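Tertiary structure, described
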Amino acid sequence: LNDDKVKELYYIYQYIFNTALFVHPTHIYTGFYYGMNKCGLMGITLYATSLNYWRYPLMNSYRRTIDMIVAKSSIAYHFYLSLYTSNKLTTTLPISAGSGLYFLSLYLDKKKYVKSAALCHCLLHILVSIGASLTYRDYYLQNIN
């Protein structure tokens, strides 16, 4: 890659970094607010690994491996939690759609549509965060009723 291409990729990846930077605190806050402390701590861990990776993303790095392990296990756990809510559609759908966008972003990146792949990855972070927050709220409402 030439220097211009590296700079372009860096700026594109900064969209993902900034999305993680500003979106993750939402579900971290709602996790603790609704008494889902384990999920809040999981959110902090995901926040740290995501920021650590996306500040300087390299495909073959231990930072990516750690981020992928934390992200996949966190999303799987939240998907599992969403299956036991009173309104599965509003909790499971955003998590499922966000997960699907991961595979779409991989496909688009392979086809060299890097900007579209990055947009899909940003939407992934947003949708999974929404799904997690709605899941926490649903568990809270179930517990007070």
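Residues numbered from 1 in each chain as written. Predicted model: local features only at pLDDT ≥ 70, side-chain atom pairs only at ≥ 80, totals over all residues. Heavy atoms only, no water.

What follows deals with helix α1 (residues 3–33). Relative to the 45 Å expected for 31 residues at 1.5 Å per residue, α1 spans 45 Å between its end C-alpha atoms, a close match to the ideal helical length. Its maximal kink placed at Val23, α1 deviates by approximately 25°, while the proline Pro25 follows within four residues. Phi turns positive, to about 80°, at Gly35, one or two residues after α1. (Helix = DSSP H or I, 4+ residues; strand = E, 2+ residues; numbered from the N terminus. Expected span 1.5 Å × (residues − 1). Bend = angle between axes of the 7 residues up to and from the residue.)

A word on the packing of helix α2 (residues 37–54) against helix α3 (residues 62–82). Viewed as axis vectors pointing N to C, α2 and α3 meet at an angle of 150°, and their least axial separation amounts to 9 Å. Taken together, the axis directions place α2 and α3 in an arrangement best described as roughly antiparallel. Here α2 runs over α3; the crossing is left-handed. Between α2 and α3, the residues in contact are Lys38, Cys39, Met42, Thr45, Leu46, Thr49, Ser50, Asn52, Tyr53 and Trp54 and Arg63, Arg64, Ile66, Asp67, Val70, Ala71, Ser74, Tyr77, His78 and Leu81, respectively. The residue makeup of the contact of α2 with α3, split by class, is ten nonpolar, six polar and four charged. (Axes fitted to C-alpha atoms, helices over the stretch in contact; angles between N-to-C directions. Parallel < 35°, antiparallel > 145°, perpendicular 65-115°, else oblique. Left-handed = near helix turned anticlockwise from the far one by under 90°. Contact = heavy atoms within 4.5 Å. Nonpolar A, V, L, I, M, F, W, Y, C, P; charged D, E, K, R; others polar.)

Time to look at the packing of aromatic side chains. Considering all chains together, one arrives at eight aromatic pairs under this definition. Between Tyr10 and Tyr11 the ring centres are 5.6 Å apart and the planes differ by 75°, which places this aromatic pair in the edge-to-face class. For Tyr10, a relative accessible area of 38% puts it in the partly exposed group. The exposure class of Tyr11 is exposed, given its relative accessible area of 56%. A network of ring pairs unites the aromatic residues Tyr29, Tyr33, Tyr34 and Tyr140 as a single cluster. (Phe/Tyr/Trp six-rings, centres within 6.5 Å; stacked < 30°, edge-to-face > 60°. Buried < 20%, exposed > 50% of the residue type's maximum accessible area, 1.4 Å probe, protein only.)

Inspection of the secondary structure puts Thr135 in helix α5 (residues 114–144). Classification of Thr135 by relative accessible area gives buried; the value is 0%.

The backbone phi angle of Lys112 is positive, close to 75°, even though this residue is not glycine. Mapped onto the elements of the fold, Lys112 is located in the loop between α4 (88–110) and α5.

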